[in-house]
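Inside the fold
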Amino acid sequence: MRRRSENHLVPNEERTLAAALALHQTGTKEFHGYLLAGQLKKQPSAQRVMAYSTLYRCLDRLQERGLVQSWWAPDNTGSGGPPRRLFSLTEKGTQAAAELP
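In this report, the structure presented in the accompanying data block is examined. (Residues numbered from 1 in each chain as written. Predicted model: local features only at pLDDT ≥ 70, side-chain atom pairs only at ≥ 80, totals over all residues. Heavy atoms only, no water.)

By the element assignment, Glu13 lies in helix α1 (residues 11-25). Since its relative accessible area comes to 1%, Glu13 is described here as buried. In the structure, Glu13 is positioned 41 residues away from Thr54 in sequence and 9.4 Å away in space, judged by C-alpha atoms. At 2.4 Å, the side chain of Glu13 forms a polar contact with the side chain of Arg61. (Helix = DSSP H or I, 4+ residues; strand = E, 2+ residues; numbered from the N terminus. Buried < 20%, exposed > 50% of the residue type's maximum accessible area, 1.4 Å probe, protein only. Polar contact = N/O pair within 3.5 Å; in protein donor to acceptor, adjacent residues only side chain to side chain.)

Below, the structure is given as structure tokens:
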């Protein structure tokens, strides 16, 4: 596996970014981790399932690079559930995802 560097994404980060772009292209501009995990399972390169802990670490690293942004949204269902962390691609993230091999 490639090591992380300032200029390159590791394969799991690339997969995560590609899945976010696929959601973005279908009109889903905001997404949560569970929805993104479902999109990852649909990818042709999904030889193995990505653990949620790995997914959120990838999202955190992508956010540090300015490729995604996140915020906490309150539970709007009235069930009293916890807030949900939502994500969206930034313009820089959309461009980087479009350039993926």
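In a regular helix each residue adds 1.5 Å, so 13 residues correspond to 18 Å; helix α3 (residues 52-64) covers 18 Å between its end C-alpha atoms and thus fits that length. Close packing links the buried residues of α3 with α1, α2 (33-42), β1 (68-73) and β2 (84-89). Where α3 terminates, the next one or two residues include Gly66, which has phi positive at roughly 80 degrees. (Expected span 1.5 Å × (residues − 1). Contact = heavy atoms within 4.5 Å.)

Time to look at the nonpolar core. With 19 residues, the main nonpolar core has Leu17, Phe31, Leu36, Leu55, Leu62 and Leu89 as its most contacted residues. At five residues, α1 tops the list of elements feeding residues into this core. Apart from residues no more than four positions distant in its own chain, Leu55 is found in contact with Thr16, Gly33, Leu36, Ala37, Leu40 and Met50. (Core = buried A, V, L, I, M, F, W, Y, C linked by side-chain atoms within 4.5 Å.)

If you walk through the whole model with that rule in mind, you get two salt bridges. Between Arg61 and Glu13 there is a salt bridge whose closest N-O contact spans 2.4 Å. Of this pair, Arg61 sits in helix α3 while Glu13 sits in helix α1, placing them 48 residues apart in sequence. Here Arg61 and Glu13 have matching classes, each one buried. One salt bridge in this structure joins Arg85 and Asp60, with 2.8 Å as the shortest N-O distance. Of the two residues, Arg85 is situated in strand β2 and Asp60 in helix α3; the sequence distance between them amounts to 25 residues. (Salt bridge = Lys/Arg side-chain N within 4 Å of Asp/Glu carboxyl O.)

From the geometry alone we can't say anything about function, so treat these as descriptive.
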